[in-house]
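Listed here are the chains, written in short residue letters.
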Amino acid sequence: MLLYVALGLLVHLVFFASIFDIYFTSPLVHGMTPRFTPLPPPAKRLMLFVADGLRADKLYELDEDGNSRAPFLRNVIMNEGSWGISHTHVPTESRPGHVAIIAGFYEDVSAVAKGWKENPVEFDSLLNETRYTWSWGSPDILAMFAKGDSGNHIFTDSYDASSEDFGAHDVTKLDTWVFDHVKEFFHAARNNQSLLSKLNGDRIVFFLHLLGIDTNGHAHRPTSREYSDNIKLVDKELKEIEATVKDFYGNDGKTAFVFTADHGMTDWGSHGAGHPLETCTPFIAWGAGIRLPQKVSAQNFDDSYLQEWKLENWKRQDINQADVAPLMAALIGVPFPLNSVGIIPVDMLNTSDLFKAESMFTNAVQILEQFKVKMTQKKEATLSFLFTPFKSLSDTKQANILRKARYYIKQKKYDEAVSLCRELIDLALRGLAYYHTYDRLFLASNVVLGFVGWISYASLLIIKSHCNLTRGVSTEAKNPSRLLPYTFVAIGLFVALLLLIQACPWTYYVYCLLPLPIWYAVLREIPVIQGFVTVLLAFRPWCFLGYLLLFILGVEVLVLSFFYRCTLTAGLVAFAAWPLITPLWTRAKRTSLSWILFCFLLAVFPLLPVVGREPDIFLVVGAGLLVLLLSLFVVTSVIKRNDSFINEELVLHLLQMLSIVLSVCVVYGTHKSLLEKQGLPLLNQIVSWTILASSFVTPLLSPPVLFDRLFSILLASMSTYLLLSTGCEALFPLVLSCLMFVWIHLEQETLQQSAVSCKQKVSTIQFACNTDMTQCRDLYLDDIRRAFFLVFFLVTAFFGTGNIASVNSFDPSSVYCFLTVFSPFKMGALIMWKILIPFVLVMCAFEAVQLTTQLSSKSLFLMVINISDIMALHFFFLIKDYGSWLDIGTSISHYVIVMSMTIFMVFLNCLAQMLTTKKLSLCGRPKSHVT
């Protein structure tokens, strides 16, 4: 069993990682020459303001009284500068957003997993090219751009990381700290001759990172008064900073100002995916080199924002987030960041037409150089007869376009030059994408081959273990050909040689060679395949077709549930009818009625709103009280049923009930404290972490009798789950567990009515009595149903709690009982455990089903993995890296979630076995039980 688990885990980890090599590898190349506009720049210095987590609509819209939340910036839009929406890319996180703004390129999705605070790949940025840069703000962001500063020209001033507290009384202090320190900086510079001489130079950037809005959004939601007040504060301070800078430089007109955001935020205070609320950020520029507002009578956009914001008469110029970097570089005359893929929005420039044309020409040459380096790298790493160049941009065409653009500039045909350069940039970017995805089809084919091979191998293992299909097969056919291993070794050596000649990365060897041993193992089972085909041919065609269509329908329902959560409701309603169409209804009517009731109750949860609803702490308290009532009923019934109910078990139940009471009190107290802006009480925090730690131990103290152990696991899980809940999702594990208990009893009934003998009742079965291999039986169609039920319940365990298949669907406020200071890894781990708790409950119930049905856990587990892999293969083909960013982010999330479920099932299976079979003694007195 361990061998199969290890092999399956390895294969699925490779499949999981493959999408990041196939679809989302780093776009960076090195070896280009810095390029800058060969004309005097319009500005000597630039102030960059990045309001972390600021949504475009919240800045531009008018409040309920018809007033702007940001009157200073609205005045800039109408009288002083240019404005629009900056469209960000997935992932909408702080680090990728700042990289796009300052370095001009988009991080691949996998980079987020390689390092949260610092980019794992060296890159060039606008700040590297400046004479001096001064920056203020969060240590996480500033350190990323100061790293590797060999010239000692990037200066940072940041507050302590512990200041980023979601539960603080006033998180606007993060922004006031920045503005106060900037004002003090300019005031002190008047009396510091060394600093004054530096500030009077050119090519200077002042970078102000403002984290308060993002923190308020996470803590109170973007629709809150706190979020709006923070916007007003930033607007007021911006006005004062502008006045301070202009006064310091004597109103010399050489300062450019840029205000934008790294990402937006959903209504429930999360970000990371591709919803328009996350990808639409404000962009406002004014000062030296920036065009004044343009009044227009009509504008055509796909949205209705202009009318909603009352800005339809001021020209809106939308840009991509990466376009900000080349714009800032052109304004202060520094080289464009080497890896920038941004395009200068020349319509925003208030410069000569010559300057615009030269800037666009430089932009085109800078991007073209990346294309050339990328093409050279791919050509050198590919055999000449296999290399297919990007035909739309040959060397000849490159030279002709550059020559023609230069000719237009000399002839003062600047508009034609700009248009031609845009065409070249478009072709170069398409060429970069072509070479970036050059190996995609090859790698994807190998991964699909491995997927299909693994599914086939797992299916053969199940069939071989429980069906004697080789009885009618000849002895010669039973022994595979001796040439088979040599054939696969030869193929492997040939593939490895081809990869070696082309100097491919080591991951290519994994993707290309992994299918070989898998398919070798499949072909070794030719006799089983022949026997299985013989059995299938013996089936009546219409019967076989019916079962096949039913299986396909079941898998498609699971796939569809990732797009429409209501599909789970339909599935649970269909599940409710299961006892009615089987003899279960007549044999166990009371149990069947309970099944129908809890199926309908669970079917309600996928219809409830996804995360983003307002917290309802009274529902959490209500869920805790229901658990306590159920606990009292169970304790009473157990005492009546078992005269030998000893004090140790009673103490354990009372301790777990006390844990539930403490959880309810902590949730209520923390919520009240945060509403009053008094922060997270230390006592509540200590109790929360203690309950979390104890929840892993207390189930192991309960007796290994099936019902007692499962109920102890439920109480331990609920004590933690309540601390991580903010609303009606607190009721979900309770309803799910009740359904699981009924499922176990129904499966016992189905076994009793089948040909399999069942000697034990559910109430007497002990988890410690693991099914011996000699007790394992042959497979029945009911076993496939059981495996499908498990996968369906696991999917329901994820979506039923209000999650959606997106990385932005997790509410950060659910961890506030444990911590409020920003800590992405701790918060992520807690949220992940909240997601896994319903999974653990389902897997523990499945352990009981395996035990009561006397089927090998290996076979049932392999069936479950196969169903999950078929789903994963669906989503592998549905992954997109084109179209809207919402579609791209959703397609990635779907595959990541289903593959994570498959991988986690291996760990959850081990965790469930530990929770159900291990036994500790509360008083150090070991309990004797069968092992």
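Residues numbered from 1 in each chain as written. Predicted model: local features only at pLDDT ≥ 70, side-chain atom pairs only at ≥ 80, totals over all residues. Heavy atoms only, no water.

As annotated in an unreviewed UniProt entry, the protein carries the name GPI ethanolamine phosphate transferase 1 and comes from Ovis aries. A UniProt comment under Pathway (unreviewed entry) is attached to the protein, and it reads "Glycolipid biosynthesis; glycosylphosphatidylinositol-anchor biosynthesis." You can read under Sequence similarities (unreviewed entry) in the UniProt record for the protein the words "Belongs to the PIGG/PIGN/PIGO family. PIGN subfamily." (UniProt positions renumbered as here; feature names shortened; annotations may be inferred.)

Participant: I'm lost on the overall build of the protein in this one. Help?
Facilitator: What the protein contains, in helices and strands, is 37 helices and eight strands. In the protein, which comprises 931 residues, the proportion classed as buried is 57%. In the protein, once contacts between residues fewer than 6 apart in sequence are set aside, the share between residues at least 24 apart is 79%. Carbon and sulfur atoms make up 62% of the accessible area of the protein, which totals about 38900 Å². (Helix = DSSP H or I, 4+ residues; strand = E, 2+ residues; numbered from the N terminus. Buried < 20%, exposed > 50% of the residue type's maximum accessible area, 1.4 Å probe, protein only. Contact = heavy atoms within 4.5 Å. Areas by Shrake-Rupley, 256 points an atom, 1.4 Å probe, with all protein chains shown as cover.)

Participant: Is there a simple way to think about the side chain of S18 in this case?
Facilitator: Within the fold, S18 resides in helix α1 (residues 2–22). Excluding anything up to four places from it in sequence, S18 contacts V447, Y511, F876 and Y895.

Participant: Is there a simple way to think about the side chain of S631 in this case?
Facilitator: In this fold, S631 is placed in helix α28 (residues 617–641). For S631, a relative accessible area of 1% puts it in the buried group. At 2.7 Å, the side chain of S631 forms a polar contact with the backbone oxygen of V627. (Polar contact = N/O pair within 3.5 Å; in protein donor to acceptor, adjacent residues only side chain to side chain.)

Participant: Would you explain the sheet that holds strand β5 (residues 204–210) in this entry?
Facilitator: Each strand in a sheet pairs with another by means of backbone hydrogen bonds, the pair being arranged parallel or else antiparallel. Strand order in the open sheet formed by eight strands is β4-β3-β5-β1-β6-β7-β2-β8, with mixed pairing between adjacent strands. The strands lining the two open edges of the sheet, one partner per strand, are β4 (154–158) and β8 (319–320). One ladder, built from six bridges, connects strand β1 (residues 45–51) with strand β6 (residues 255–260); its direction is parallel. Directly across from V50, in β6, lies its bridge partner T260. Helix α7 (residues 139–146) rests against β3 (132–137), β4 and β5 of the sheet, and its axis sits at about 170 degrees to β4. Along the sheet face, helix α11 (residues 225–248) touches β1, β5, β6 and β7 (280–287) and points at about 165 degrees away from the line of β6. (Pairing = 2+ DSSP bridges. Axes fitted to C-alpha atoms, helices over the stretch in contact; angles between N-to-C directions.)

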